[in-house]
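Notes for the structure review
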Amino acid sequence: MLQRIQSLYMLASAIVTGGLPFVFELWTDKNKVDVFFTSSLIYISLFVLSTVLAIYSIFNFKKRQHQFVLNRLNMIFNFILLGFFVYRSLNLSGETFVSEKGIGMFLPAISIVLLVLANKAIKKDEDLVKSVDRLR
(Lines give C-alpha, C1' and ligand atoms only; values in the text may rest on other atoms or scores of the structure.)
Protein backbone atom coordinates (compact mmCIF):
# COMPACT_ATOMS: atom_id res chain seq x y z
CA MET A 1 0.00 0.00 0.00
CA LEU A 2 1.63 3.15 -1.20
CA GLN A 3 -0.29 5.49 1.10
CA ARG A 4 1.39 4.27 4.30
CA ILE A 5 3.47 6.70 6.31
CA GLN A 6 6.74 4.87 5.65
CA SER A 7 6.16 5.26 1.92
CA LEU A 8 5.82 9.00 2.43
CA TYR A 9 9.05 9.09 4.43
CA MET A 10 10.86 7.13 1.72
CA LEU A 11 9.41 9.40 -0.97
CA ALA A 12 10.66 12.43 0.96
CA SER A 13 14.07 10.77 1.22
CA ALA A 14 14.10 10.15 -2.54
CA ILE A 15 13.22 13.79 -3.15
CA VAL A 16 15.95 14.96 -0.77
CA THR A 17 18.62 12.82 -2.46
CA GLY A 18 17.29 13.03 -6.02
CA GLY A 19 16.02 16.57 -6.48
CA LEU A 20 17.48 18.87 -3.88
CA PRO A 21 21.17 18.36 -4.79
CA PHE A 22 20.39 20.20 -8.03
CA VAL A 23 19.07 23.15 -6.03
CA PHE A 24 21.47 23.47 -3.09
CA GLU A 25 25.22 23.79 -3.50
CA LEU A 26 27.62 21.64 -1.50
CA TRP A 27 30.06 24.44 -0.83
CA THR A 28 31.51 27.62 -2.27
CA ASP A 29 35.19 27.60 -3.16
CA LYS A 30 37.68 30.40 -2.60
CA ASN A 31 36.78 32.00 -5.96
CA LYS A 32 33.12 32.33 -4.85
CA VAL A 33 32.01 29.63 -7.29
CA ASP A 34 29.23 27.32 -6.11
CA VAL A 35 30.18 23.63 -6.25
CA PHE A 36 27.28 21.23 -6.81
CA PHE A 37 27.23 17.45 -6.50
CA THR A 38 27.98 17.08 -10.23
CA SER A 39 31.61 17.99 -9.57
CA SER A 40 32.53 14.42 -8.67
CA LEU A 41 31.51 11.06 -10.06
CA ILE A 42 31.45 9.57 -6.53
CA TYR A 43 28.88 12.15 -5.37
CA ILE A 44 26.74 11.61 -8.46
CA SER A 45 26.77 7.83 -8.13
CA LEU A 46 25.99 7.82 -4.39
CA PHE A 47 23.13 10.32 -4.74
CA VAL A 48 21.66 8.36 -7.67
CA LEU A 49 22.09 5.04 -5.86
CA SER A 50 20.39 6.41 -2.76
CA THR A 51 17.48 7.78 -4.80
CA VAL A 52 16.99 4.56 -6.78
CA LEU A 53 17.16 2.48 -3.60
CA ALA A 54 14.52 4.65 -1.90
CA ILE A 55 12.17 4.45 -4.89
CA TYR A 56 12.68 0.69 -5.21
CA SER A 57 11.97 0.32 -1.52
CA ILE A 58 8.71 2.25 -1.87
CA PHE A 59 7.40 -0.22 -4.45
CA ASN A 60 8.56 -3.19 -2.42
CA PHE A 61 5.78 -2.62 0.12
CA LYS A 62 4.58 -6.22 0.25
CA LYS A 63 7.87 -7.43 1.74
CA ARG A 64 8.30 -5.35 4.88
CA GLN A 65 11.48 -7.08 6.07
CA HIS A 66 13.11 -6.60 2.67
CA GLN A 67 12.04 -2.97 2.71
CA PHE A 68 13.59 -2.57 6.17
CA VAL A 69 16.91 -4.02 4.94
CA LEU A 70 16.90 -1.81 1.84
CA ASN A 71 16.41 1.25 4.01
CA ARG A 72 19.31 0.21 6.22
CA LEU A 73 21.49 -0.20 3.12
CA ASN A 74 20.35 3.22 1.93
CA MET A 75 21.35 4.69 5.29
CA ILE A 76 24.82 3.17 4.91
CA PHE A 77 25.22 4.79 1.49
CA ASN A 78 24.10 8.12 2.92
CA PHE A 79 26.61 7.79 5.78
CA ILE A 80 29.35 7.12 3.22
CA LEU A 81 28.27 10.20 1.26
CA LEU A 82 28.21 12.28 4.43
CA GLY A 83 31.67 10.95 5.28
CA PHE A 84 32.99 12.08 1.90
CA PHE A 85 31.57 15.56 2.49
CA VAL A 86 33.06 15.83 5.97
CA TYR A 87 36.42 14.53 4.75
CA ARG A 88 36.43 16.99 1.88
CA SER A 89 35.56 19.97 4.06
CA LEU A 90 37.84 19.15 7.02
CA ASN A 91 40.88 17.63 5.32
CA LEU A 92 41.77 20.69 3.32
CA SER A 93 43.68 23.23 5.34
CA GLY A 94 42.64 26.86 5.52
CA GLU A 95 41.08 28.52 2.51
CA THR A 96 42.57 26.22 -0.10
CA PHE A 97 39.33 24.93 -1.60
CA VAL A 98 36.25 24.89 0.61
CA SER A 99 35.54 28.44 1.64
CA GLU A 100 31.90 28.29 2.68
CA LYS A 101 29.85 25.18 3.32
CA GLY A 102 26.41 24.97 1.75
CA ILE A 103 23.23 23.28 2.87
CA GLY A 104 23.77 20.57 0.27
CA MET A 105 26.30 18.91 2.57
CA PHE A 106 23.51 18.15 5.06
CA LEU A 107 21.14 16.48 2.57
CA PRO A 108 22.42 12.95 3.39
CA ALA A 109 21.79 13.62 7.10
CA ILE A 110 18.21 14.68 6.35
CA SER A 111 17.76 11.55 4.26
CA ILE A 112 19.10 9.38 7.09
CA VAL A 113 16.58 10.87 9.53
CA LEU A 114 13.73 10.23 7.09
CA LEU A 115 14.86 6.63 6.55
CA VAL A 116 15.06 6.03 10.30
CA LEU A 117 11.48 7.28 10.64
CA ALA A 118 10.44 4.98 7.78
CA ASN A 119 12.10 2.01 9.47
CA LYS A 120 10.31 2.77 12.73
CA ALA A 121 6.98 2.78 10.89
CA ILE A 122 7.86 -0.49 9.11
CA LYS A 123 8.75 -2.11 12.44
CA LYS A 124 5.47 -0.89 13.90
CA ASP A 125 3.55 -2.45 10.98
CA GLU A 126 5.49 -5.69 11.33
CA ASP A 127 4.74 -5.88 15.06
CA LEU A 128 1.06 -5.25 14.37
CA VAL A 129 0.92 -8.08 11.82
CA LYS A 130 2.72 -10.45 14.22
CA SER A 131 0.30 -9.61 17.03
CA VAL A 132 -2.71 -10.31 14.82
CA ASP A 133 -1.20 -13.63 13.70
CA ARG A 134 -0.90 -14.74 17.32
CA LEU A 135 -4.65 -14.40 17.79
CA ARG A 136 -5.52 -16.80 14.98
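The paragraphs below set out a description of the structure included in this document. Note that the structure is a prediction, hence the values are computed from the model and not measured.

**Digging into the nonpolar core**
One finds Leu26, Trp27, Val35, Phe37, Tyr43, Leu46, Phe47, Leu81, Phe85 and Met105 forming the largest nonpolar core, which totals 10 residues. Contributing elements (two or more residues each) for this core: helix H2 (41–58) and helix H3 (64–91). Considering each element in turn, this core owes the most residues, three residues, to H2. Sequence-distant contacts of phenylalanine 37, that is, excluding residues within four places in its chain, are made with Pro21, Phe22, Leu26, Tyr43, Ile44 and Phe47. Grouped together as the second largest cluster of nonpolar side chains are six residues, Met75, Ile112, Leu115 and Ala118 included.

**A short note on helix H1 (residues 5–18)**
In a regular helix each residue adds 1.5 Å, so 14 residues correspond to 20 Å; H1 covers 20 Å between its end C-alpha atoms and thus fits that length. Every buried residue of H1 is accounted for by Gln6, Ser7, Met10, Ser13, Ala14, Val16 and Thr17.

**Thoughts on H2**
With 18 residues, H2 extends 26 Å between its outermost C-alpha atoms, agreeing within 8% with the 26 Å of an ideal straight helix rising 1.5 Å per residue. Within H2, the full set of buried residues consists of Tyr43, Leu46, Phe47, Ser50, Thr51, Leu53, Ala54, Ser57 and Ile58. Down the axis of H2, the sector holding all buried residues measures 160°, keeping them to one side. Looking at H2, the residues exposed on the side facing more than 90 degrees away from the buried face are Leu41 and Val52.

**Observations concerning a nonpolar patch on the surface**
Where nonpolar side chains cluster on the molecular surface, the patch consists of Phe22, Val23, Phe24, Ile103, Phe106 and Ile110 and spans about 580 Å² of accessible area. Along the chain, the position of phenylalanine 22 falls in the loop between H1 and strand E1 (27–29). The exposed category is assigned to phenylalanine 22, whose relative accessible area is 55%.

**A closer look at the pattern of salt bridges**
Across all of its chains, the model carries three salt bridges by this definition. Arginine 64 is the partner of glutamate 126 in a salt bridge, and the nearest nitrogen-oxygen pair spans 2.8 Å. Of the two residues, glutamate 126 sits in helix H4 (residues 107–135) while arginine 64 sits in helix H3, which places them 62 residues apart along the sequence. Salt-bridge contacts for lysine 123 lead to aspartate 127; the nearest nitrogen and oxygen are separated by 3.6 Å. Here aspartate 127 and lysine 123 lie together in helix H4, a separation of four residues that amounts to about one turn.

**Details of the packing of aromatic side chains**
Both the distance between ring centres and the angle between the ring planes are used here to describe each pair of aromatic rings. Across all of its chains, the model carries two aromatic pairs by this definition. Seen in terms of ring centroids, phenylalanine 47 and phenylalanine 85 are 6.2 Å apart; in terms of plane orientation they differ by 40°. Their pairing is tilted. Of this pair, phenylalanine 47 sits in helix H2 while phenylalanine 85 sits in helix H3, placing them 38 residues apart in sequence. By relative accessible area, which is 1% here, phenylalanine 47 ends up buried.

Parameters and conventions
- Residues numbered from 1 in each chain as written.
- Predicted model: local features only at pLDDT ≥ 70, side-chain atom pairs only at ≥ 80, totals over all residues.
- Heavy atoms only, no water.
- Core = buried A, V, L, I, M, F, W, Y, C linked by side-chain atoms within 4.5 Å.
- Buried < 20%, exposed > 50% of the residue type's maximum accessible area, 1.4 Å probe, protein only.
- Helix = DSSP H or I, 4+ residues; strand = E, 2+ residues; numbered from the N terminus.
- Contact = heavy atoms within 4.5 Å.
- Expected span 1.5 Å × (residues − 1).
- Arc of directions from axis to C-beta.
- Patch = residues over 30% accessible without salt bridge, like charges linked within 9 Å, V, L, I, M, F, W, Y side chains within 5 Å.
- Areas by Shrake-Rupley, 256 points an atom, 1.4 Å probe, with all protein chains shown as cover.
- Salt bridge = Lys/Arg side-chain N within 4 Å of Asp/Glu carboxyl O.
- Phe/Tyr/Trp six-rings, centres within 6.5 Å; stacked < 30°, edge-to-face > 60°.

The analysis is restricted to geometry; functional conclusions fall outside its scope.
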